[in-house]
Amino acid sequence: ALLQLSKYTKTTQPGSIVFPVDSMEKNREVVFSCEAQGDPPPFYRWKLNGSLLNSKPGSHHSLSGGNLRINHLNKEDAGTYQCLASNSFGTIVSREASLTFAYLENFRSHKRSSVSVREGQGVVLLCGPPPHSGALTFSWIFNEYPSFVKQDSRRFVSQETGNLYIAKVEPSDVGNYTCVVTNTVTKTRVQGPPTPLILRNDGVMGEYEPKIEVQFPEIVQVAKGSTVRLECFALGNPVPSISWHRVDGVPFARKVDVRKTSGVMEIPYFQQEDAGTYECVAENSKGRNSVQGKLSFFASPQLIEKPQDVQKAIDDSLVWECKATGKPKPSYRWMKNGENLEPTERVQVINGALSITRLGLSDIGMYQCVAGNKYGEVYSNAELRVIAVAPDFFQNQLKSHTLVKEGGDVLIECKPKMSPRGTISWRKGNDALRASSRIVILESGSLRISNTTKADAGTYTCAAHNQFGEASSSGNLIVKEPTIITTAPNTLDVTVGESIILPCQVSYDPSLELKFTWFFNEQLIHFGSHGGYFEKVGGQHSAGDMMIRNIQLRHAGKYTCAVQTKVDSSSIATDLIVRGPPGPPTSIHVEEITDTTATLSWRPGPDNHSPITAYTIQARTPFSLGWQAVSTVPKVVGGSHLTATVIELNPWVEYEFRVLASNAVGTGEPSKPSKKARTKETVPKVTPANVSGGGGSRSELVITWEPVPEELQNAAGFGYVVAFRPFGATGWMQAAVPSPEASKYVFKNETILPFSPFQVKVGVYNNKGEGPFGPVVTIYSAEEEPGRAPSRLRAKSLSAFDVEVYWKALPWSTSKKRVLGYELRYWEKNEKEDKASLLRTVGNRTMAIIQGLKGCTTYYITVRAYNTAGTGPPSPAVNVTTKKPPPSQPPSKVMWNTSNSKIILNWEQVKPLENESEVMGYKVSHIFFRPSIMETNTTSVELSLPTDEEYIIQIRPFGEGGEGSSSRQITIPKISVFSVTLSFRNHSNMLI
């Protein structure tokens with residue numbers, strides 16, 4: 001039914017062809033493509049220069065489908081071709097296509113005259129191409145092939161004229177020049193006669209300003225998307241340089257190719273913004289010259305709105321829009337069935353739009369909109385069908401059942417297919433329906449009933465009629481009870497963390513199914529998401545209640561319950577106000593700062609529906625552990641205050657401040673920190689703590705203290721002033737310690753007596769001045785080490801591992817050589833003394849036990865006194881040999897049994913090895929309520945029978961070398977009425 005050109009991918013239209021003339025002699029052929037789609041399939045015809053072609057058998061024009069094939073080409077075949085496609089529904093035409101022939105004739109054979117020039121002069125050698133058709137390219141041979149002239153800043157071959165330009169002739173340029181012309185279509189090449197270039201003998205040409213010989217037209221028309229090539233070259237001495245620019249000063253786009261050495265500028269993919277006036281400037285040391293030309297943008301038409309196939313009823317009206325872009329602005333014409341459509345009273349074309357009134361069957365056909373300017377035309381196709389039919393409800397029956405709520409409005413549509421449009425009437429049951437204020441038959445034929453009642457229910461029939469016939473269609477109207485939300489709109493007030501139920505109760509027609517939907521701020525609530533805060537809790541069919549758990553501030557807003565049935569819908573909104581702690585204050589500024597105070601200002605954050613009652617200020621320094629509350633004036637910052645002064649700050653410390661707001665609900669999030677601010681400097685006020693000292697080397701007074709923390713130094717340049725004097729003296733000696741990290745000062749003077757008392761005090765200072773001194777303390781100078789050795793040193797072996805040592809103490813006094821304790825040195829007989837181990841005692845003790853020794857080993861022992869100055873001379877060494885080690889074998893074959901109220905334990909005698917001490921007895925440890933140890937020199941023991949708790953027992957031998965290895969732990973359970981014998985062998989076997 002439809003004919004289309006260029007609508008589907010497979011559809012093709014003819015394109016223009018340039019054909020080489022020399023190919024005609026080889027019986028070449030040309031094919032113009034044309035393909036259309038339609039049902040029934042189209043047949044094709046072709047026009048040449050507006051006249052139909054004869055494509056009958058025997059003609060050198062033939063058709064293959066829609067394609068035109070031309071055999072045995074001759075020059076009379078050149079011209080404009082157009083394809084026509086037709087079927088029973090109409091005709092459409094293709095765009096026009098041209099056939100032209102390209103050729104290139106030979107140069108005339110006459111000899112060319114010599115060109116005589118001076119050295120330094122410019123020259124133009126003319127090419128004069130022969131008759132031709134089709135694009136040409138030019139080159140020049142110097143003397144003989146294949147030596148071609150190379151283009152540079154001095155030599156230029158114009159592709160417009162073919163001429164060779166030499167800006168400044170040099171002696172090396174003398175010779176024969178031959179112009180070579182190539183046809184880009186036929187690929188043929190011809191050479192002209194050579195032109196001799198010779199030098200004159202009357203001197204060298206002087207310098208002169210540039211003379212532009214190659215220039216572009218004043219106006220150049222450039223098609224959209226094409227590449228424009230401009231040439232500019234000048235003669236001159238010295239050789240001129242060529243430059244390009246736009247007269248309006250707009251810089252070149254990156255795509256512009258400027259070849260300074262060859263005098264060519266190319267602009268690819270030309271667009272509207274590339275249009276303008278361009279200037280070529282040629283200059284040398286003698287002057288400059290320039291030419292200008294305007295590049296004018298044009299674009300062939302492009303359709304942006306096309307007519308679409310349409311089917312109209314008879315007597316109806318038609319408006320087809322057709323719009324295209326292009327420069328110049330396109331004009332429009334319309335064609336019907338391949339012929340131009342002439343305007344009439346009914347047919348008008350305005351701004352490309354085609355309008356036809358009172359459509360009749362004669363208007364049926366294929367229409368084409370043609371938009372064109374002087375650079376081309378574009379075609380768009382559409383089909384117009386005009387129909388005339390009797391009323392028909394086959395595709396648009398009335399709905400069999402239409403539901404409406406009582407009191408609602410209902411529209412019963414009646415849309416029969418008929419052409420022309422006739423009359424429509426309605427019946428209810430068998431009675432004609434009369435229009436009223438509630439019942440209206442619309443212009444479209446549909447029926448609208450307002451404020452429906454139960455009496456409106458029934459069967460309705462729509463009847464349609466025109467001159468070709470009549471038809472009707474019926475449907476039932478069912479009136480239902482309305483759906484009403486019985487819950488009244490409300491505003492609820494809750495506190496953060498609480499839970500609340502939002503009610504949604506309805507009354508409705510029980511024959512209908514209800515659907516509840518909830519919205520929060522007009523966004524649908526998806527139950528099961530949103531963090532589990534929202535939950536449906538309506539347990540009845542008529543209830544759609546929703547619970548909000550653990551309410552947060554972000555849950556404040558408008559909640560809408562929407563209920564829907566097949567008939568109607570209703571909704572109710574509840575405004576939820578959530579009260580919570582205030583939001584963080586904003587715009588925290590430090591207005592003024594001193595050495596110990598800072599005045600702050602801020603703006604309140606949202607109060608979250610509960611008035612702000614107080615503000616809390618916190619501070620942070622590089623020395624604090626996080627944020628700390630600070631003291632303020634006023635002491636309590638009320639909710640109406642937006643400024644306060646922080647007090648008791650440390651001088652010369654960088655502070656950040658933040659503010660927290662509180663209301664009846666609680667304290668909110670803190671504000672963002674203020675910008676860092678440093679308090680002013682002042683003299684120090686805090687002195688070092690724990691001033692003490694003593695010790696050191698001979699003739700030294702050692703003074704120590706705890707450094708003052710940086711946050712208490714109050715200014716840069718912090719240091720210490722150490723003052724001291726001998727006890728009882730009047731004047732003070734002072735020393736400055738400039739390091740704030742210092743914690744020690746040593747005063748050395750040979751006149752200081754050992755262990756002499758000094759009064760000492762430590763003060764502070766910084767760049768702002770001196771601070772106070774701390775309290776005076778008494779510190780002793782360094783003392784002398786003890787001068788005598790202890791006497792009567794004795795040693796006694798207690799076991800294989802322990803030795804007891806005794807000595808006589810030195811006199812204890814507060815003399816210059818105090819004794820703070822004694823140092824024991826001990827080493828094995830086969831070791832050197834410098835490998836000795838040390839053991840120190842404190843105070844005036846005269847006995848010590850050395851532990852952790854080796855068994856059956858001889859040790860040497862010395863003792864010496866010590867104090868803060870060091871150790872005194874050692875006593876003479878004594879030696880002692882430790883006892884043999886205790887038995888290494890644990891008791892074996894441990895057995896137990898019960899007898900009456902006793903437990904009897906037995907084990908085998910432990911036999912020591914040759915290097916072990918003899919067994920003197922056994923220690924039996926048992927835990928029954930509390931740990932207990934029994935000693936025995938036999939291999940058995942009796943214990944009370946456990947009744948409430950179990951026994952845990954271990955047995956180990958002992959001798960003069962100490963305690964030996966223990967048996968494995970034995971557990972004896974609570975015993976009732978039976979006895980059990982349990983034996984362990986080799987520490988692992990158990991027999992029952």
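Bear in mind the structure is a predicted one, so any value in this text is a computation, not a measurement.

**Q** Quick question: what am I supposed to make of the overall build of the protein here?
**A** Looking only at helices and strands, one finds 0 helices and 91 strands in the protein. Taken over the C-alpha trace, the protein has a radius of gyration of 60 Å; the compact-globule value for 992 residues is 30 Å, which it surpasses by more than 25%. Taking the principal axes of the C-alpha coordinates as reference, the protein spans close to 150 × 125 × 80 Å. Every one of the 992 residues in the protein was classed for burial, and the buried ones make up 42%. Considering only intrachain contacts with a sequence separation of at least 6, the fraction spanning at least 24 residues in the protein is 65%. Both charge centroids of the protein, one from 105 positive and one from 94 negative side chains, sit 3 Å from each other.

**Q** Explain the UniProt feature "domain: Fibronectin type-III" (unreviewed entry) in the protein to me, please; I cannot follow it from the model alone.
**A** Within the UniProt annotation, "domain: Fibronectin type-III" (unreviewed entry) is assigned to residues 584–682, 687–784, 789–885 and 887–978. For residues 687–784, helix accounts for 0% and strand for 50%, while the C-alpha atoms at its two ends are 32 Å apart.

**Q** Explanation requested: a positive patch on the surface in the structure shown.
**A** Taken together, R788, R792, R794 and K808 make up a surface patch of like positive charges. Among the secondary structure elements, K808 is positioned in strand β75 (residues 803–808). Judged by its relative accessible area of 41%, K808 is partly exposed.

**Q** Whenever I open this one, the UniProt feature "domain: Ig-like" (unreviewed entry) in the protein confuses me. Can you help?
**A** With numbering matched to this structure, UniProt assigns "domain: Ig-like" (unreviewed entry) to residues 14–100, 105–191, 210–296, 301–385, 391–478 and 482–573. Along residues 391–478 one finds 0% helix and 52% strand; the C-alpha atoms at either end are 27 Å apart.

**Q** I'm lost on the sheet that holds strand β14 (residues 155–157) in this one. Help?
**A** Strand pairing in a sheet relies on backbone hydrogen bonds. The paired strands run either parallel or antiparallel. Taken together, 3 strands build an open sheet; the order of strands is β11-β15-β14 and the sheet is antiparallel. Pairing within the sheet leaves two strands with one partner each, and these edge strands are β11 (123–125) and β14. The mean angle between the axes of side-by-side strands here comes to 15°, regardless of whether they run parallel or antiparallel. Relative to strand β15 (residues 164–166), β14 is paired through 3 bridges, and the arrangement is antiparallel. Paired with F156 across the bridge in β15 is Y165.

**Q** Would you take a moment to explain the pairing of strand β45 (residues 458–466) for this structure?
**A** Along any regular strand the residues' side chains alternate between the sheet's two faces. Looking at chain direction, strand β41 (residues 423–428) and β45 are connected through 6 bridges and run antiparallel. Opposite W426, over in β45, you have C462 as the bridge partner. Here β45 runs beside strand β46 (residues 469–480); their pairing, made up of 9 bridges, is antiparallel. Bridged to G458 within β46 is L477. Connecting β45 to the antiparallel partner β46 that follows it, the hairpin turn spans 2 residues.

**Q** Even after reading the chapter, I still don't get the layout of surface pockets, so can you show me in this structure?
**A** Take a probe with the size of a water molecule and roll it over the atoms, and the empty space left behind shows itself. For the second largest pocket, the calculated volume is near 200 Å³. In terms of lining, the second largest pocket is formed by 14 residues, of which the most central are T621, Q628, V630, N650 and Y655. Residues of the lining of the second largest pocket, tallied by class, amount to 7 nonpolar, 5 polar and 2 charged.

**Q** Help me understand the pairing of strand β13 (residues 136–142), please; the structure alone is not making it clear to me.
**A** The buried fraction of β13 amounts to 5 of the 7 residues, a majority that puts the element mostly inside the structure. The pairing of β13 with strand β16 (residues 175–183) spans 7 bridges and is antiparallel. From the neighbouring strand, W140 faces β16, where its bridge partner is C179.

**Q** Whenever I open this one, the packing of aromatic side chains confuses me. Can you help?
**A** In this structure the tally under the stated criterion is 25 aromatic pairs. Ring geometry for F142 against Y177: centres 4.9 Å apart, planes inclined by 40°, an arrangement best described as tilted. Separated by 35 residues along the polypeptide, F142 in strand β13 and Y177 in strand β16 bring together distant segments of the chain. Of the two residues, F142 and Y177, neither departs from the other in class, the shared state being buried. Taking the centre distance of 5.8 Å and the plane angle of 10° together, the rings of Y655 and F657 count as stacked. Among the aromatic residues, those joined into a cluster by ring pairs are F32, W46 and Y81. The ring of Y866 is capped by R840, whose NZ or CZ atom sits 3.8 Å from the centre of that ring.

**Q** Would you mind showing me how to read empty space enclosed by the protein here?
**A** By the definition in use, this model includes 2 cavities of 30 Å³ or more. Roughly 30 Å³ of internal volume is contained in the second largest cavity. In terms of lining residues, the second largest cavity is bounded by L398, K399, T402, I412, G475 and N476. In the lining of the second largest cavity, the residues fall into 2 nonpolar, 3 polar and 1 charged.

**Q** Looking at this structure, I do not really get the environment of T195. What am I missing?
**A** Inspection of the secondary structure assignment puts T195 in strand β18 (residues 195–199). Separated by 118 residues in sequence, T195 and D77 have C-alpha atoms that sit 39 Å apart. Once residues within four sequence positions are removed from consideration, T195 is found in contact with R112, S113, V115, L125, G175, N176 and Y177.

**Q** What am I meant to see in the pattern of salt bridges here?
**A** Opposite charge on two side chains makes pairing possible when the charged atoms of those side chains draw close. Under the defined criterion, the tally for this structure stands at 30 salt bridges. Note that D152 and R155 form a salt bridge whose closest N and O atoms lie 3.2 Å from each other. Residues E170 and R154 are paired through a salt bridge, measuring 3.7 Å at the closest nitrogen-oxygen approach. Linking E170 in the loop between β15 and β16 with R154 in the loop between β13 and β14, this pair joins segments that are 16 residues apart in sequence. Exposure remark for E170: the relative accessible area of 31% places this residue in the partly exposed category. A network of salt bridges, in which partner residues are shared, links K923, E935, R956 and E963.

**Q** Sorry if this is basic, but what is going on with the sheet that holds strand β66 (residues 689–693) here?
**A** Strand order in the open sheet made by the 3 strands is β66-β67-β70, with antiparallel pairing throughout. The open sheet is flanked by β66 and β70 (744–748), the only strands paired with a single partner. Each adjacent strand pair in this sheet contributes to an overall mean axis angle of 15°, direction not counted. Strand direction decides the pairing type here: β66 and strand β67 (residues 700–706), joined by 3 bridges, are antiparallel. Bridged to G693 within β67 is I703.

**Q** Looking at this model, I keep getting lost on the confidence of the model for the protein. Mind explaining?
**A** It should be kept in mind that the predicted coordinates are not to be read in detail where pLDDT is low. Looking at the protein as a whole, its pLDDT mean stands at 88, while 94% of the residues score no less than 70. pLDDT under 50 marks residues 1–11. Its contacts with residues more than four places away, or in other chains, come to 48 contacts. Within the model, pLDDT remains below 50 along residues 977–992, and this stretch shows 26 contacts once partners closer than five positions in the same chain are excluded.

Definitions and limits used
Residues numbered from 1 in each chain as written. Predicted model: local features only at pLDDT ≥ 70, side-chain atom pairs only at ≥ 80, totals over all residues. Heavy atoms only, no water. Helix = DSSP H or I, 4+ residues; strand = E, 2+ residues; numbered from the N terminus. Rg over C-alpha atoms; globule rule 2.2 N^0.38 Å. Buried < 20%, exposed > 50% of the residue type's maximum accessible area, 1.4 Å probe, protein only. Contact = heavy atoms within 4.5 Å. Lys, Arg positive; Asp, Glu negative; His and termini not counted. Charge placed at Lys NZ, Arg CZ, Asp CG, Glu CD. UniProt positions renumbered as here; feature names shortened; annotations may be inferred. Patch = residues over 30% accessible without salt bridge, like charges linked within 9 Å, V, L, I, M, F, W, Y side chains within 5 Å. Areas by Shrake-Rupley, 256 points an atom, 1.4 Å probe, with all protein chains shown as cover. Salt bridge = Lys/Arg side-chain N within 4 Å of Asp/Glu carboxyl O. Pairing = 2+ DSSP bridges. Axes fitted to C-alpha atoms, helices over the stretch in contact; angles between N-to-C directions. 1 Å grid on protein atoms, 1.4 Å probe; cavity = no way out; pocket = protein on both sides within 12 Å on 5 of 7 lines; lining within 4 Å. Points joined across faces, edges and corners; volume = space filled by probe spheres on them. Nonpolar A, V, L, I, M, F, W, Y, C, P; charged D, E, K, R; others polar. Phe/Tyr/Trp six-rings, centres within 6.5 Å; stacked < 30°, edge-to-face > 60°. Lys NZ or Arg CZ within 6 Å of the ring centre and 35° of its normal. pLDDT = per-residue confidence, 0-100.

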